[in-house]
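# Remarks on the overall topology
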2 protein chains.
Amino acid sequence: MNPRLQYREGLREPTSAVAPGMTQANLVAVPADWAFEMLLFAQRNPKPCPVLEVLEAGQFESRMAPGSDVRTDLPAYHLWRDGVMVEEMTDGSDLWDGLVTFLIGCSFTFENPLAAAGIPIRHQELGRNVPMYRTNRACVPAGRLHGDLVVSMRPVPADRVADAVTISGRYPAVHGAPVHVGDPSSLGVSLDVPDYGDPPVVKDGELPVFWACGVTPQAALLASKPPFAITHAPGHMFVTDVPDLEYMS
Amino acid sequence: MNPRLQYREGLREPTSAVAPGMTQANLVAVPADWAFEMLLFAQRNPKPCPVLEVLEAGQFESRMAPGSDVRTDLPAYHLWRDGVMVEEMTDGSDLWDGLVTFLIGCSFTFENPLAAAGIPIRHQELGRNVPMYRTNRACVPAGRLHGDLVVSMRPVPADRVADAVTISGRYPAVHGAPVHVGDPSSLGVSLDVPDYGDPPVVKDGELPVFWACGVTPQAALLASKPPFAITHAPGHMFVTDVPDLEYMS
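Residues numbered from 1 in each chain as written. Chains lettered and ligands numbered in written order. Predicted model: local features only at pLDDT ≥ 70, side-chain atom pairs only at ≥ 80, totals over all residues. Heavy atoms only, no water.

## A short note on the overall build of chain A
- The number of helices and strands found in chain A is six helices and 11 strands.
- Principal-axis analysis of the C-alpha atoms gives chain A an extent of 50 × 40 × 30 Å.
- When the 249 residues of chain A are sorted by exposure, 59% land in the buried category.
- Of the contacts formed within chain A by residues at least 6 apart in sequence, a portion of 79% connects residues at least 24 apart.
- Accessible area for chain A stands at about 9,300 Å²; split by element, carbon and sulfur atoms hold 53% of it.
- Seen as two clouds, the 18 positive and the 29 negative side-chain charges of chain A have centres 4 Å apart. (Helix = DSSP H or I, 4+ residues; strand = E, 2+ residues; numbered from the N terminus. Buried < 20%, exposed > 50% of the residue type's maximum accessible area, 1.4 Å probe, protein only. Contact = heavy atoms within 4.5 Å. Areas by Shrake-Rupley, 256 points an atom, 1.4 Å probe, with all protein chains shown as cover. Lys, Arg positive; Asp, Glu negative; His and termini not counted. Charge placed at Lys NZ, Arg CZ, Asp CG, Glu CD.)

## A short note on the confidence of the model for chain A
- Looking at chain A as a whole, the pLDDT averages 94, with 100% of positions reaching at least 70.
- The complex prediction reports pTM at 0.89, with the ipTM value standing at 0.83. (pLDDT = per-residue confidence, 0-100.)

## What to know about the sheet that holds strand β6 (residues 132–138) of chain A
All names here are of chain A.
- Read from one edge of the open sheet, four strands run β6-β7-β9-β8, paired in antiparallel fashion. In this open sheet, the two edge strands, each paired with only one partner strand, are β6 and β8 (180–181).
- Bridging between β8 and strand β9 (residues 206–212) involves two bridges; their strand directions are antiparallel. Bridge pairing in β9 places H180 opposite F210.
- Sheet strands in contact with helix α5 (residues 161–169) are β7 (148–157), β8 and β9, and its direction is about 15° off that of β9. (Pairing = 2+ DSSP bridges. Axes fitted to C-alpha atoms, helices over the stretch in contact; angles between N-to-C directions.)

## What to know about the interface of chain A and chain B
- In this complex, chain A contributes 18 residues to the contact, which on the side of chain B involves 18 residues.
- In total, chain A and chain B occlude about 1,300 Å² of area from one another, counting both sides; carbon and sulfur atoms represent 59% of this.
- Considering only the side of chain A, the residues that lose the most area to chain B are F36, Q43 and E56 of chain A, jointly responsible for 42% of the buried surface there.
- For the pair chain A and chain B, the interface holds two salt bridges.
- With a closest N to O distance of 2.8 Å, E56 of chain B and R44 of chain A form a salt bridge.
- Summed over the shared surface of chain A and chain B, the number is eight residue pairs in polar contact (both at pLDDT 80 or more).
- Looking at the side of chain A that touches chain B, the elements with two or more residues in it are α2 (35–44), β2 (51–55) and β5 (99–105) of chain A.
- Residue contributions to the side of chain A that touches chain B peak at six residues, all from α2 of chain A.
- Among the residues making up the side of chain A that touches chain B, the classes are represented as 11 nonpolar, three polar and four charged. (Buried area = accessible area lost by both parts, 1.4 Å probe. Salt bridge = Lys/Arg side-chain N within 4 Å of Asp/Glu carboxyl O. Polar contact = N/O pair within 3.5 Å; in protein donor to acceptor, adjacent residues only side chain to side chain. Nonpolar A, V, L, I, M, F, W, Y, C, P; charged D, E, K, R; others polar.)

## So, the environment of G147 of chain A
Residues and elements named next belong to chain A.
- Here G147 shows up in the loop between β6 and β7.
- Placed 73 residues apart in sequence, G147 and A220 show a C-alpha to C-alpha distance of 4.3 Å.
- Other than its neighbours up to four places away in sequence, G147 contacts F41, A138, C139, A220 and A223.

## Here we look at helix α5 (residues 161–169) of chain B
Residues and elements named next belong to chain B.
- For α5, every residue scored as buried is listed here: V161, A164, I167 and S168. For α5, the angular spread of buried residues about the axis comes to 130°, placing them on one side.
- Looking at the buried side of α5, the elements it contacts are α3 (111–116), β7 (148–157), β8 (180–181) and β9 (206–212). (Arc of directions from axis to C-beta.)

## Here we look at the packing of α2 of chain A against helix α2 (residues 35–44) of chain B
- Contact pair α2 of chain A / α2 of chain B: the axes reach a minimum separation of 9 Å and the direction vectors enclose 40°. Here α2 of chain A is positioned oblique relative to α2 of chain B, judged by the angle of their axes. Here the hand of the crossing between α2 of chain A and α2 of chain B comes out left-handed. Mapping the contact onto sequence places A35, F36, L39, L40 and Q43 of chain A in α2 of chain A and A35, F36, L39, L40 and Q43 of chain B in α2 of chain B.
- Classifying every residue of the contact of α2 of chain A with α2 of chain B by side-chain character gives eight nonpolar, two polar and no charged. (Parallel < 35°, antiparallel > 145°, perpendicular 65-115°, else oblique. Left-handed = near helix turned anticlockwise from the far one by under 90°.)

## So, the state of the cysteines
All names here are of chain B.
- Following the criterion strictly, the structure yields zero disulfides over all chains and no others.
- With no disulfide of its own, C49 lies closest to C139 among cysteine sulfurs, the gap being 6.0 Å.
- With a relative accessible area of 8%, C139 lands in the buried category. (Disulfide = S-S within 2.5 Å.)

## Side note on the relation of the copies chain A and chain B
- Overlaying chain A with chain B gives an RMSD of 0.0 Å, the required rotation being 180° about an axis along which the chain moves by 0.0 Å. The relationship between the two copies is best expressed as a two-fold rotation axis. In terms of proximity to the rotation axis, the leading residue of chain A is F36 of chain A, whose C-alpha is 2.3 Å off the axis.
- When the interface residues of chain A are mapped onto chain B, 100% of them again fall at the interface, so both copies present the same face. (Least-squares fit on C-alpha atoms with pLDDT ≥ 70 in both.)

## With respect to α2 of chain B
- Burial analysis of α2 of chain B places 10 of its 10 residues in the buried class, the great majority of the element.
- Those residues of α2 of chain B not exposed but buried are A35, F36, E37, M38, L39, L40, F41, A42, Q43 and R44 of chain B.

## Topic: the pairing of strand β2 (residues 51–55) of chain B
- Of the pairings in the sheet, the one linking β2 of chain B to strand β5 (residues 99–105) of chain B comprises four bridges and is antiparallel in character. Residue pairing for β5 of chain B: L55 of chain B is matched across the bridge by T101 of chain B.

## Quick word on the side chain of E206 of chain B
All names here are of chain B.
- Within the element layout of this structure, E206 appears in strand β9.
- A polar atom in the side chain of E206 sits 2.8 Å from the backbone nitrogen of K203.
- When neighbours within four sequence positions are excluded, E206 is seen to be in contact with P120, R122, P155, V156, P157, A158 and V201.

## As for the nonpolar core
- Counting residues in each nonpolar core, the largest one holds 64 residues, and the members touching the most others are F36 and F102 of chain A together with F36 and F102 of chain B.
- The residues contacting F102 of chain A, other than those within four sequence positions of it, are N26, L27, V28, V30, A35, M38, L39, E53 and V54 of chain A together with F36 of chain B. (Core = buried A, V, L, I, M, F, W, Y, C linked by side-chain atoms within 4.5 Å.)

## Section: the sheet that holds β8 of chain B
Residue and element names in this part refer to chain B.
- With antiparallel pairing, the four strands of this open sheet are ordered in space as β6-β7-β9-β8. Every other strand in the sheet has two partners, leaving β6 (132–138) and β8 as the edge strands with one partner each.
- The strands touched by α5 are β7, β8 and β9; relative to β9, the strand with the most contacts, the crossing angle is about 15°.
- On top of the sheet, helix α6 (residues 216–224) reaches β6 and β7; it is set at about 145° to β7, its chief contact.

Encoded structure:
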C-alpha cells in the first residue's frame, strides 16, 4: 500500500527505510509574507536547504506525488507558533490556509546508494531515527530568517569515508557531499546528545560523518520566530513517487 | 582597469570576451512584491535561471564583487514598464529604490573552457554579441510570472558536439549542458533572425547548439508585465570577481 495513504489514515513512523529508491522530502510551510525570505534562505544555504518544490498558497498536491496532499500525507507534523514547537500532529488540514509549502531534499535519498556500495547505515540497522545536531555554524541569513546549520550524522568505517563522500556528492539536490568528517566538537556538537532523532552507535574504526540536514529550516524557525509555521517531524518525511536516481548528477 | 569601473564611467560594450576567467551574470531587478515570484520562477526553471545571488531591497553591492554597485557597474541596462522595454541606459542609480536584484548565471562562464578545449566560439571570433532566441517552449510559471524559454546558440563542429555537452555540463550553476542540438525549427526559431544579439555564422559541418539563456527572465517580464523592472541589456553583463572555476561541479 502507498505509504502516503497509510500516513493519511494516521500511521506514525519514521520514514528512513520506507519505499526504498523513492525520494523523500523535508517539509516547511510558512505564511505567504515569509515565503520570499524562506526561499531566499534556501537559495543562500543550498546544502542544508535544497528546494525540490514549492507549493504556492492554496496548492496541496505535490507534482512529485500525484494524488498527494501535503497537509495529511506525512506521518507526523510539528506546529510552530512564534518560534516555539507547540504541538505534534498527524493531520494539518485545518491549519494550512494561506501557507506556502517548501519541499526540501533529504539525505535519505543517498542512503540507498551508500548501502548498495556496502557502507553500513547504522540507524537503519538499529531501526532508529538518524541522529541530527544543531551546530555552531551560522547559516547565511535572509531578511528576518536566520539560524544555525543542522547536520545529520552517519558513522562510516575509515576506509569507506572517501567512498561515502564520492557517492553522496553525486546527489547535490539532496545535500550532496558531507560538510564535515570527524571531530564533533569543532561543530559544537556532542555525539551522544543529538538535538533531533536517536543517539548514535559509533563502532571502533568508524568516523562520524556529518551531512547538511533539511531540519535546518526548523532551527531557523526556532531562532527567527515567525508567528506560525508547520514542518514535518524530524525523520518523518514526505515520501514522493520520484526515483532517487532522478537526483543523481 | 577593472571593467566595472569603466562601465560605471559610461563605457558601453558587450562583455563576452571581457575579464576572461571571471564569472559574468545576468541581472533582473523587480519591485519587492514581485520578488517571491521571480525567485520561485527561477527555482522552477533552473536551467535558464540559475540564481547566483539575490540582493535584497536597499542592497547594491554584490558579494561576488566587493566595491561594486549593481546600479551603475553594467555597461547597459534596459528599463521596463508594464512589460515594455522603454529605455536603454548606462546608469540606473535614480530608479533602484525598493527593487530586489537577481544575479543569474551566464553561459559566458563556460565559453572559456570550451575555447580552451579547441571548440570555436564564433561570436567571439567575429567580435559580435552571441545570438539569442525566444523559443516555443514555455517555462514553468510562478504566480503572475510566465514566459517562454530563451536560448543562446553557438555553432559547434559535429565532431565536437559531445565535448561541448560534456564541458558545459560541468557548470550546472551557469546553464549547464545544452537544451537542444540541431534543428532550430523544432524550437520555433529561425537561425538568421535572433531575438537578441547578432545574427550567427554557421559553417559547413557545424551544428547549432542551444543553451538555456539568462535572458529568459526578460521574456517573462515581456509576457507578464510587472509595472516596473530593470535588466541588463542582453550581452552586457555584470562582470564579477569570482573565478569561473568556482562554478565547476
